[in-house]
Amino acid sequence: MAMPISCSALRRAALAFALVAGGMPAFAQESAGQSASQSATQIASSQPAGEVVLIPNRVIYPGETIEITALKQVTLIPGKHKPDAVATRAEELQGKIAKRTLLPGRYIPSTAIREAWLVEQGAAVQVFFIAGGLTISATAVTLQPGSAGDLIKVRNTDSGKILSGTVMADGTIQVSAS
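### Comments concerning the overall build of the chain
For the chain, the count of helices and strands is three helices and twelve strands. Contacts spanning at least 24 positions in sequence make up 49% of the contacts within the chain whose residues lie at least 6 apart. Counting only carbon and sulfur atoms, one obtains 58% of the accessible surface of the chain, whose full area is about 10,800 Å².

Put into structure tokens, the structure is as follows:
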């Protein structure tokens, strides 16, 4: 004869299924009267009680730029805390690029987002070598994309040599002596 399933056992099974099927859910309730298009400062300072986080309100696909309108502000249920290594503030998310699919109602892992590329693969860039008062510049083609501060490989268009250099904020590449 079949035994009736208790409500708590059913909840545990549903939670286990959700964790296996799509990552960790955000145990939260939607903040009343909050629109997704509010500025970052309004979002960050509007809820004094409980921990307020941002989660996707729709599927965000890999390579897509994360906009505030694609996020929903929620207040965590009392007693629940966000896990470590998740991005939950507008400053951490606005303008970043999704590295993998971000599902609605789920936390956004910090490892699932990246900065936008400053230089794309195959782009022509200026490469600089600076040593004391000596500056050498050349034109190169990037062999991989990168954001400011990333170490990437470039191919010198004149010599064909492959160099490694750091992407600078202005989109140029600085190489050092090796």
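### Topic: the sheet that holds strand 8 (residues 124-131)
What the five strands build is a closed barrel, ordered 8-9-10-11-12; its pairing is mixed. Each strand axis lies, on average, 50° off the axis of its neighbour in the sheet, ignoring direction. Pairing analysis gives eight bridges linking strand 8 to strand 9 (residues 134-142), with the strands arranged antiparallel. Directly across from Ile 130, in strand 9, lies its bridge partner Thr 135.

### Concerning the pattern of salt bridges
Pairs can form between side chains of opposite charge once their charged atoms are near each other. Per the counting criterion, the structure on display carries three salt bridges. Between Arg 89 and Glu 91 there is a salt bridge, with the nearest N and O atoms lying 3.1 Å from each other. Note on Glu 91: relative accessible area 44%, which makes it partly exposed. For Glu 115, the salt bridge identified is with Lys 96, shortest N-O distance 3.1 Å. Taken as a pair, Glu 115 in the loop between strand 7 (113-114) and strand 8 and Lys 96 in the loop between helix 3 (90-93) and strand 5 (97-98) lie far apart in primary sequence, 19 residues in all. The class for Glu 115 is partly exposed, based on a relative accessible area of 45%. The exposure class of Lys 96 is buried, given its relative accessible area of 15%.

### Some words on the nonpolar core
Ile 60, Ile 66, Leu 71, Leu 93, Leu 102, Ile 108 and Ile 113 are the most contacted members of the largest nonpolar core, which totals 14 residues. The next biggest cluster of nonpolar side chains, apart from the first, holds nine residues, and it includes Val 119, Val 127, Ala 140 and Ile 173.

Criteria and cut-off values
- Residues numbered from 1 in each chain as written.
- Predicted model: local features only at pLDDT ≥ 70, side-chain atom pairs only at ≥ 80, totals over all residues.
- Heavy atoms only, no water.
- Helix = DSSP H or I, 4+ residues; strand = E, 2+ residues; numbered from the N terminus.
- Contact = heavy atoms within 4.5 Å.
- Areas by Shrake-Rupley, 256 points an atom, 1.4 Å probe, with all protein chains shown as cover.
- Pairing = 2+ DSSP bridges.
- Axes fitted to C-alpha atoms, helices over the stretch in contact; angles between N-to-C directions.
- Salt bridge = Lys/Arg side-chain N within 4 Å of Asp/Glu carboxyl O.
- Buried < 20%, exposed > 50% of the residue type's maximum accessible area, 1.4 Å probe, protein only.
- Core = buried A, V, L, I, M, F, W, Y, C linked by side-chain atoms within 4.5 Å.

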